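One-letter residues, chain by chain:
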Amino acid sequence: MRVMYFNPTGQLGGAETSLLAILSSLRHAQPSWPLHLVLAGDGPLSAAADALGVSTTVLPFPPALAKLGEHGARANHGGYVRLVAQLGRASFSVPAYVGHLRRAIRSFRPDVIHTNGLKMHLLAGWATSSLPLVWHLHDYLCPRPLTATLLRWTASRCAAVVANSKSVADDARAAIGEGVKVVPVYNAVDLNRFSPSGDRADLDKLAGLPTAPAETVRVGLLGTFARWKGHETFLRAFAQLPRELPIRAYVIGDALYQTDGSQYSGEELRQLAASLGLADRVGFTGFVRQSDAALRALDIVVHASTLPEPFGLVIAEGMACGRAVIVSRAGGAAELVSHDVDALTHTPGDAGELAIRIAALATDASLRARLGGAARATAERAFDHTRLAREIVPLYQAATSSRPSSVSASLRAES
Ligand code: GLC
C-alpha cells in the first residue's frame, strides 16, 4: 500500500513527533510500503522523516495561509474580526496551493492520504475527491467553531478520523457528527530512546546559568510556547515555593509555530520570571532537539496546561523516562495517569495546588522514585510505539477496501 502524509509544518511539535512515531512503527511493520510526506514548511521534520526512509516534499504554505489559526483568534480580543480578514487574504492563495497538492498526489499515486493537522484535513479534502482520507486529530474541534464547520462540510471525504485520546474522539463526534468513523489511538513513544538511562542534557549550561549545587532538585516544563501550555501557572507556582528549598526551574522549548497570536515569546516569559523575582532560579534553555536527554536531566516534569490537553505527549515521554510527573488534570491528559500511583495531578491553572505538588516531590526523593518507577511500568504497558502500526494499518485497509470500484475508475481518470 502507498501512503501519503500531509503535515502543515516542518517544525517538530507534539503532532509531528507523534507522526514520526507512526512512520517508524509502520516502517518496521510494513517495510515494503512506500511512504511519502508532504510538509508545508521547512524544518527538522524533513530530515527526521528521511532518516526513517520516508521521502519528503516541501510545499511551503503561502504566508497568509501559514499564519491562519483559530486557536489564537479565540484567545485575543477582536481575534475573530482579524481571523475573518486573514481568511479572506488566505483564500486567494488556496486554489493554487490545492493545485500543488494535486500535482504531488498525481506524482506519488497514493492509495490513502493521512493528514496530520486541521488545515491539511481541509486542503486534502479539496485536493482529491476520490482517494480515501484519514484525518488525524491532535486537537479539540468544539472550541474552534469555524474550523469545525468547515470540517463538517468536508467530512464526507473522510474515511476515518484518528483521535489522540478518548476525550478528543468524543469532541470530534460532537463537532463533526456521527457520520464519520472516529477511532481513538493513543500516542506512543520509542521506549528505548525515552528510557530512564541515557545521556542527560546540561540544562544549566543550555540556560547560561552557573551549575547548580549537587543536591539541587530540577523541575521543568518542556513544550512549545503555546499560551495555554501553562508557563505562567508554572512560574507562579514556583514563585510560591520557599526560597530555601534547593530547587531550580527550567523552561525548555521555544515558540515554534507561525500561527498568529497563539504563543508566548521567550522575552515575555523571561520578563514574567523577572517580575516574580525568579530571574536567578529559572533557566530558559530554548528548544532542545534531544528531548529525552532534557527530560532525564529533570527530577520533576511539570505539565501545566490551562486548557484541557488533547493528549500531552510530554507526559508519556516523561513517564517513559521514569520521571516523577505532575499532570494538569483535564482532557486526554487525565486519561493517561492515576494520581499518586504513577503521577501527581493538579487542577488546571491552579498555581497554588501546583506549588503544593512540586513541594511534595521536591522534598521527598522516595516519592519521586516510587512514582517514577510506576510511570515507567505504565509507559511500557500503554505507550510502546510498536502498537501504532497494529492500530493504524487496519484503518488504512478498511479505508481502501471500502472504496467502490467506480472510485478507482474515476481515480484513473483524474490522473
Ligand atoms: C497536540 C496536542 C497534544 C498532543 C500532541 C500529539 O500538540 O496539543 O496534547 O500530545 O498534539 O498528539
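Computed from a predicted model, the values in this text were never measured in an experiment.

Observations regarding the confidence of the model for the protein
Here's step 1: Confidence in the prediction for the protein averages 92 pLDDT; 94% of positions are at 70 or higher.
Here's step 2: Scored below 50 in pLDDT, residues 404-415 makes 11 contacts in the model with residues more than four places away or belonging to other chains.

Quick word on empty space enclosed by the protein
Over the atoms a probe the size of a water molecule is rolled, and this reveals where empty space is left.
Here's step 1: Counted by the stated rule, this structure contains 2 cavities of 30 Å³ or more.
Here's step 2: The residue inventory of the lining of the second largest cavity, partitioned by class, reads 5 nonpolar, 3 polar and no charged.

Let's talk about the pairing of strand β6 (residues 158-163)
Here's step 1: With 5 of its 6 residues buried, β6 lies for the most part within the structure.
Here's step 2: In this structure, strand β5 (residues 133-137) lies alongside β6, joined through 5 bridges in parallel fashion. By the bridge assignment, valine 134 is partnered in β6 with alanine 160.
Here's step 3: In this structure, β6 lies alongside strand β7 (residues 182-184), joined through 3 bridges in parallel fashion. By the bridge assignment for β7, valine 161 is matched with valine 182.

Concerning helix α15 (residues 351-362)
Here's step 1: Helix length check: α15, at 12 residues, gives a terminal C-alpha distance of 16 Å against a target of 16 Å (1.5 Å per residue), a fit within 8%.
Here's step 2: By the burial criterion, the buried members of α15 are Ala351, Glu353, Leu354, Ala355, Arg357, Ile358, Leu361 and Ala362.
Here's step 3: Its side-chain oxygen placed 3.2 Å from the backbone nitrogen of glycine 352, aspartate 350 serves as the N-cap of α15.

Some points on the packing of aromatic side chains
Here's step 1: Under the definition given, this model contains 3 aromatic pairs.
Here's step 2: With 6.0 Å between their ring centres and 50° between their planes, tyrosine 186 and phenylalanine 311 make a pair best called tilted. In this pair, tyrosine 186 sits in the loop between β7 and α9 (203-207) while phenylalanine 311 sits in the loop between β11 (300-302) and α13 (313-320), placing the two residues 125 residues apart along the sequence.
Here's step 3: Take tyrosine 186: its relative accessible area is 22%, and that puts it in the partly exposed class.

Cut-offs applied
- Residues numbered from 1 in each chain as written.
- Predicted model: local features only at pLDDT ≥ 70, side-chain atom pairs only at ≥ 80, totals over all residues.
- Heavy atoms only, no water.
- pLDDT = per-residue confidence, 0-100.
- Contact = heavy atoms within 4.5 Å.
- 1 Å grid on protein atoms, 1.4 Å probe; cavity = no way out; pocket = protein on both sides within 12 Å on 5 of 7 lines; lining within 4 Å.
- Points joined across faces, edges and corners; volume = space filled by probe spheres on them.
- Nonpolar A, V, L, I, M, F, W, Y, C, P; charged D, E, K, R; others polar.
- Buried < 20%, exposed > 50% of the residue type's maximum accessible area, 1.4 Å probe, protein only.
- Helix = DSSP H or I, 4+ residues; strand = E, 2+ residues; numbered from the N terminus.
- Pairing = 2+ DSSP bridges.
- Expected span 1.5 Å × (residues − 1).
- Polar contact = N/O pair within 3.5 Å; in protein donor to acceptor, adjacent residues only side chain to side chain.
- Phe/Tyr/Trp six-rings, centres within 6.5 Å; stacked < 30°, edge-to-face > 60°.

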